[in-house]
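# Report on the structure
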Amino acid sequence: MLKYGSPAPFRLESGIELPDFEIAYHTYGTLNENRDNVVWVCHALTANSDVADWWPHTVVEGGFLDPNRWFVVCANIIGSHYGTTGPLSINRATNEPYYNDFPAFTIRDMAKAHALLADALGICRIHALIGSSVGGFQAIEWAVEEPERFERLVLIATAAKASPWSIAIDETQRMAIFADSSYGQHDASAGAAGLAAARAIGLLTYRGTDGYNLTQQDAANGGMLPPDSHRACTYQRHQGDKLVKRFNAYSYVKILDAFDTHDAGRGRGGLAAALERIKAPTMVVGISTDIIFTPTEMLSLAAMIPHASYCEIESSFGHDGFLVEHEQLNRILKNFI
């Protein structure tokens, strides 16, 4: 992991300034002499800047993020737990972590931070910008704000505006965290039980019925099981515990809050006018069983972006299909990129 420290305060869309601002990032491959082989990846909710860690079989020889060909960059988002300034960073005013006092930020702020890092790295043009899920939110914002910087745009299982359905999912997760009485304490582990529950709720929407029914069936002839020992039950608890070990509730809440601000048309004359600003040929990729960003919504997104094409991944794993169906993604994206 590398870090960039901004020499100046970082001004958020709200007008609040972060006096000390760092961005954590990873790179793979080598920037060529012409500086024209950059592929920039924007990551999703609880991922990090190490793309090879969370997106299997992509940063490999022959993959669409082949480091032998591309200089791949991924920056950790504002508010995250993985190195970029966020709730567990030190607040200069108090000399302790911000915790829940970390200021509100938006997807637009995330895109602004990406641009700041790109400028610091001397990257003027980006051959391809790729974003999935919340990463796609960032990619849309950045492509709308700086259309001349990008030669290709890839949007996977995402949207140009947070829908009431997706906001409701976020609110349900926040309710779980706020119901944990420890949330609000000045402790990095505060809200851990609520965070585990929130993750379990989120997973239901990431995988959907097909994904769970395919992978979480109880063993045949298992007899009458105690209520908490069904395979689906132990899976939910395991996934909640896994997130608690690597993330914190304060970052989770702040990023969910930012998710809900997403509207590429805000202050730009509406969605249609904003998306018309995108100049890069665009590939929009939907997932057949995604219940967060449905294929119908993805087709509508493609229709609003000039020079956009649409492809669909067939998967039983819902929204998480973009993490699982790497062979389909490679077939779709290698030629396009």
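Residues numbered from 1 in each chain as written. Predicted model: local features only at pLDDT ≥ 70, side-chain atom pairs only at ≥ 80, totals over all residues. Heavy atoms only, no water.

With that out of the way, let us pick up the overall build of the chain. Within the chain, the regular secondary structure consists of eleven helices and twelve strands. Rg of the C-alpha trace for the chain: 20 Å, near the compact-globule value of 20 Å for 337 residues, within the 12% margin. When the backbone C-alpha atoms are referred to their principal axes, the chain occupies close to 65 × 50 × 40 Å. Buried residues in the chain amount to 55% of all 337 residues. Put simply, 73% of the contacts in the chain that link residues at least 6 apart link residues at least 24 apart. Here the chain displays about 14200 Å² of accessible surface, and carbon together with sulfur accounts for 53% of that area. Computing the positive centroid from 26 side-chain charges and the negative centroid from 38, the chain places the two 3 Å apart. (Helix = DSSP H or I, 4+ residues; strand = E, 2+ residues; numbered from the N terminus. Rg over C-alpha atoms; globule rule 2.2 N^0.38 Å. Buried < 20%, exposed > 50% of the residue type's maximum accessible area, 1.4 Å probe, protein only. Contact = heavy atoms within 4.5 Å. Areas by Shrake-Rupley, 256 points an atom, 1.4 Å probe, with all protein chains shown as cover. Lys, Arg positive; Asp, Glu negative; His and termini not counted. Charge placed at Lys NZ, Arg CZ, Asp CG, Glu CD.)

Let's shift gears to the pairing of strand E5 (residues 38-42). The buried fraction of E5 is high, at five of five residues. By the alternation rule, side chains of E5 split into Val38, Trp40 and Cys42 and Val39 and Val41, which are all buried. One ladder, built from four bridges, connects E5 with strand E6 (residues 71-75); its direction is parallel. Looking at E6, one finds that Val41 is bridged to Cys74. Inspection of the sheet shows E5 paired to strand E9 (residues 128-132) by four bridges, in the parallel sense. If you follow Cys42 over to E9, its bridge partner there is Gly131. (Pairing = 2+ DSSP bridges.)

Before going further, it helps to spend a moment on the environment of Lys161. Mapped onto the elements of the fold, Lys161 is located in the loop between strand E10 (153-156) and helix H4 (164-178). With relative accessibility at 44%, the residue Lys161 sits in the partly exposed group. The contacts of Lys161, once residues within four sequence positions are left out, are His262, Asp263 and Leu271.

On to helix H5 (residues 192-215). Taking 1.5 Å of rise per residue, 24 residues should cover 34 Å, yet H5 covers just 26 Å from first to last C-alpha, more than 12% shy of that figure. A maximum bend of about 95° is found in H5 at Gly208. (Expected span 1.5 Å × (residues − 1). Bend = angle between axes of the 7 residues up to and from the residue.)

A sheet is described by the order of its strands in space; here eight strands give the open sequence E1-E4-E6-E5-E9-E10-E11-E12, paired in mixed fashion. Two strands bound the open sheet, and with one partner strand each, they are strand E1 (2-5) and strand E12 (308-313). Averaged over all pairs of adjacent strands, the angle between their axes in this sheet comes to 20°, without regard to strand direction. Packing of helix H11 (residues 326-336) onto the sheet brings it into contact with E10, strand E11 (282-287) and E12, and relative to E11 it is tilted by some 170°. (Axes fitted to C-alpha atoms, helices over the stretch in contact; angles between N-to-C directions.)

Turning next to the packing of aromatic side chains. Throughout the structure, instances matching the rule amount to 16 aromatic pairs. Measuring from ring centre to ring centre gives 5.9 Å for Tyr82 and Phe247, while their planes differ by 50°; the resulting arrangement is tilted. Residue Tyr82 is found in the loop between E6 and strand E7 (90-91), and its partner Phe247 is found in the loop between helix H6 (231-246) and helix H7 (249-260); the two are separated by 165 residues along the sequence. Just as Tyr82 is buried, Phe247 falls in that class too. (Phe/Tyr/Trp six-rings, centres within 6.5 Å; stacked < 30°, edge-to-face > 60°.)

For any two helices packed against each other, the geometry comes down to the angle between their axes and how far apart the axes lie. Contact pair H4 / H7: the axes reach a minimum separation of 10 Å and the direction vectors enclose 155°. Regarding the angle of H4 to H7, the classification is roughly antiparallel. Where H4 crosses over H7, the two elements pack in a sense that is left-handed. For the pair H4 and H7, the contacting residues are Ser166, Ile167, Asp170, Gln173, Arg174, Ile177 and Phe178 in the first and Ala249, Tyr252, Val253, Leu256, Asp257, Phe259 and Asp260 in the second. Among the residues forming the contact of H4 with H7, the class breakdown is eight nonpolar, two polar and four charged. (Parallel < 35°, antiparallel > 145°, perpendicular 65-115°, else oblique. Left-handed = near helix turned anticlockwise from the far one by under 90°. Nonpolar A, V, L, I, M, F, W, Y, C, P; charged D, E, K, R; others polar.)

Attention now goes to the layout of surface pockets. Quantified by volume, the largest pocket comes out at close to 800 Å³. Among the elements of the structure, helix H1 (51-54), H4, H5, H6, H7 and helix H10 (321-324) are those that each provide at least two residues to the lining of the largest pocket. Sort the elements by how many residues they give to the lining of the largest pocket and H6 lands first, with five residues. In terms of residue class, the lining of the largest pocket is made up of 18 nonpolar, seven polar and seven charged. (1 Å grid on protein atoms, 1.4 Å probe; cavity = no way out; pocket = protein on both sides within 12 Å on 5 of 7 lines; lining within 4 Å. Points joined across faces, edges and corners; volume = space filled by probe spheres on them.)

Over its 14 residues, helix H2 (residues 107-120) extends 20 Å from the first C-alpha to the last, a length consistent with the 20 Å expected when each residue adds 1.5 Å. If you check which residues of H2 are buried, you get Ile107, Arg108, Asp109, Met110, Ala111, Ala113, His114, Ala115, Leu117 and Ala118. Looking at where H2 begins, the residue whose side-chain oxygen comes 3.2 Å from the main-chain nitrogen of Arg108 is Thr106. (Polar contact = N/O pair within 3.5 Å; in protein donor to acceptor, adjacent residues only side chain to side chain.)

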